[in-house]
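Survey of secondary and tertiary structure
Chain by chain, the residues run as shown.
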Amino acid sequence: MTDNQEAADAGDTTPSGTSTLPLRPRCERLSGPKSSVCSRSYFVVVMVFFHVYIINVIALLFYVHYSSGQEDASRSSDAPSGGHQRPESRRPPSKPEFARDVSLTRIEGIRVGHVQKVSLVPGKVHEMRTLSLKPLLFEIPGFLSDDECRVVMQLAQLKGLMESQLMVQDGQEELAKELNLSPEEIFNLLDINQDGQLQLHEILTHSRVRDGIWLTPENLREIYAGLKADKDDNGLLSLEEFRLLSNDAFQRFLLQRGVKRSQLVRNSRHTWLYQGKGAHQVLQDIKERVTSLTRLPPALVDLSEPLQVVRYDEGGHYHAHHDSGPVYPETACTHTRLAANTSTPFETSCRYITVLFYLNSVDGGGETAFPVADNRTYDEVSLIQNDVDLLDTRRNCDKSNLRVKPSKGTAVFWYNYLSDGRGWVGEQDEYALHGGCVVTHGTKWVANKWINIDPDYQRQARYQQLVSQLSEDEDDEGLTLNTEIQNPSIHQDL
């Protein structure tokens, strides 16, 4: 069939099937090369329609993908990250789940030495200086007036101060039995570098956490000799030598020898001052000022610990420590344990922020030391090297990276935890290690305001709901909130 016949046949019928007169070809093949205007135009039209079709298909695929992604995100927004979503056919969770509707404001340090203006009281502007970035640490001179410092010290004396630490802490044997740890397991926990030998610094690092007695390398060598623990006299304990020691062997030996106050981790006296409704106006003002400083929701500050007031006499000290510990699944925060619905032998204070007030200027010593502030790395083992113990604030305060001299009315505050990147509490900031240098002359008065926040948002939310319900119930009966519920465990004396 020729091209002209094809064109005629194509024009014989319409879509309705009726016959028409044959149409003249729209274009005639030109003599010369094989390419033609007709075929070229047809190719262009076909390619245009083909590209439009492909673009529409791609757009449709993007739309379907985006729509399904949105539905998946909405279905899994309440599901824990990193786990499988619970099928809807299973039983619902027994504990109420709370949406993350609170974000913790975190002040930026910018750089060491940076000064920013803060308005904490009407008609006055304070300067807040960044002292370190690891931990995030600030200093605010003139945070308290002279009269406020005097009132806080007088109220503490009126309340009565108690010893900050008992001579020897009990209960270590019971804790070891409850955990059911064998000597081999304890040995492996102490053996940080896993070389099969317990070195002096490995014993020192862990023993202080357990028994609250500050041991120097010289003390430890004396104990080894007295207990005849180091059979080969090489300054190391093997597993065989360690098996011969009971869990409280060190404590018993020290009790027999006698323990001096200077040998304790902490040598001071303290008390707690309630800051809620009905408290002295100065105490309420300080709490409100802390809320403004930290920019946190007032409820979090209200439900935190009372104000702790501490007095260090001459020779008083507090060896380097963390105000809070890391929170693991088997660890409960002390302040939210009522809402945890779990029993665990491990508790920590979960102090998100520490605000420290200097109530007087100290004649000699008494600085607040941060041994590893702004270090490039943090290594617990390296804190004790060649008999130089950076944690020892009686002998090695001068070797700390940062020391803050007490000045009446000045406040320093720092974050004990990092951010989780989503507006809540993250991991413990190990660089927040700090201690009180020994007071060489005079007396040192300080106050601590800790803001307690549970890294587990659900536990914190349940706790706040529980306290709110209890408060409403007791207000209906004309009663005040039980202080044991508001501040559990160590604050029952208030």
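**So, the environment of Ser182**
- Relative to the assigned elements, Ser182 resides in the loop between helix 4 (172-179) and helix 5 (183-190).
- A relative accessible area of 26% places Ser182 in the partly exposed class.
- Separated by 61 residues in the primary sequence, Ser182 and Arg243 place their C-alpha atoms 9.5 Å from one another.

**Concerning unusual backbone geometry**
- Here the amide bond leading from Lys134 into Pro135 is cis, since omega sits at 0°, within 30 degrees of zero.
- In this fold, Pro135 is placed in the loop between strand 2 (124-133) and strand 3 (136-140).
- Here the phi dihedral of Lys228 falls at roughly 55°; this positive angle occurs in a residue that is not glycine.
- Here Lys228 shows up in the loop between helix 7 (217-227) and helix 8 (239-243).
- The exposure class assigned to Lys228 is exposed, which follows from its relative accessible area of 63%.

**Quick notes on the pattern of salt bridges**
- Evaluated as defined, the whole model comprises 15 salt bridges.
- For the salt bridge of Arg100 with Asp420, the shortest nitrogen-to-oxygen distance reads 3.7 Å. Of this pair, Arg100 sits in the loop between helix 2 (37-76) and strand 1 (115-121) while Asp420 is found in the loop between strand 18 (417-419) and strand 19 (425-428), placing the two residues 320 residues apart along the sequence.
- On the accessibility criterion, Arg100 (37% relative accessible area) is partly exposed.
- For Asp420, a relative accessible area of 26% translates into the label partly exposed.
- Arg269 is the partner of Glu163 in a salt bridge, and the nearest nitrogen-oxygen pair spans 2.8 Å. With Glu163 in strand 4 (residues 162-163) and Arg269 in strand 6 (residues 269-273), this residue pair connects regions lying 106 residues apart in the sequence.
- Taken together, the shared-partner salt bridges in this structure form one network comprising Arg100, Asp420 and Arg422.

**Side note on the packing of helix 3 (residues 146-159) against helix 10 (residues 281-294)**
- Their axes nearest at 10 Å, the elements helix 3 and helix 10 cross at an angle of 120°. One element, helix 3, and the other, helix 10, form an angle in the oblique class. With respect to the hand of their crossing, helix 3 and helix 10 are arranged in left-handed fashion. Of helix 10, the residues touching helix 3 (which contributes Glu148, Val151, Val152 and Leu155) are Val282, Leu283, Ile286 and Arg289.

**Let's talk about the sheet that holds strand 3**
- Here nine strands make up an open sheet; going across it, the order is 1-2-3-17-11-22-7-6-4 and the pairing antiparallel. Across the chains shown, the open sheet's two edge strands, defined by having one partner strand only, are strand 1 and strand 4.
- One ladder, built from four bridges, connects strand 3 with strand 17 (residues 411-415); its direction is antiparallel. In the strand pairing of strand 17, Glu139 is matched with Val412.

**Describing the packing of aromatic side chains**
- As enumerated under the stated definition, the model contains nine aromatic pairs in all.
- Their ring planes at 70° and their centres at 5.6 Å tell us that Tyr352 and Tyr415 sit as a pair that is edge-to-face. Of the two residues, Tyr352 is situated in strand 11 (residues 351-358) and Tyr415 in strand 17; the sequence distance between them amounts to 63 residues.
- In this structure Tyr415 comes out as buried when scored by relative accessible area, which is 0%.

**Remarks on the nonpolar core**
- The biggest cluster of nonpolar side chains holds 46 residues, and the ones touching the most others in it are Phe357, Leu359 and Phe413.
- Once you skip the residues sitting within four places of it in the chain, Phe413 turns out to touch Ile107, Met128, Leu136, Leu137, Phe138, Ile140, Leu293, Ile353, Thr354 and Val355.
- One finds Leu137, Val310, Leu356 and Leu433 within the second-largest nonpolar core, a separate group that totals 26 residues.

Scoring rules and cut-offs
- Every chain begins its residue count from 1, and numbering advances along the sequence as written.
- Given that this is a predicted model, residues contribute local features only at a pLDDT of at least 70 and side-chain atom pairs are listed and counted only at 80 or more, while totals for whole chains, interfaces and linings are drawn from all residues.
- The side-chain quantities take in all heavy atoms of the structure and omit both hydrogens and water.
- Segments assigned H or I by DSSP are reported as helices when at least four residues long, segments assigned E as strands when at least two residues long, and all are numbered from the N terminus.
- Only protein chains enter the accessibility calculation, which uses a 1.4 Å probe; a residue whose area is less than 20% of its type maximum is buried, one above 50% is exposed, and one in between is partly exposed.
- Definition used for salt bridges: Asp or Glu carboxyl oxygen within 4 Å of a side-chain nitrogen of Lys or Arg.
- Working convention: axes come from line fits to C-alpha atoms, limited for helices to the stretch in contact. Angles between N-to-C directions cover 0 to 180 degrees.
- An angle counts as roughly parallel when it lies under 35 degrees, as roughly antiparallel when it exceeds 145, as roughly perpendicular when it falls between 65 and 115, and as oblique in every other case.
- Handedness of each helix crossing follows the sense of rotation of the near helix against the far helix: counterclockwise by less than a right angle gives left-handed, clockwise gives right-handed.
- Note on contacts: a residue pair is in contact if any heavy atoms of the two residues lie within 4.5 Å.
- The pairing criterion for strands is at least two bridges between them, as found by DSSP.
- Only rings of Phe, Tyr and Trp enter the pairing, Trp through its six-membered ring, and a pair is recorded when the two centres are within 6.5 Å. The plane angle decides the type: under 30 degrees is stacked, over 60 is edge-to-face, the rest tilted.
- Nonpolar core, defined: a set of buried Ala, Val, Leu, Ile, Met, Phe, Trp, Tyr and Cys residues in which side-chain atoms within 4.5 Å join the residues together.

Keep in mind that these numbers describe shape and distance, not what the molecule does.
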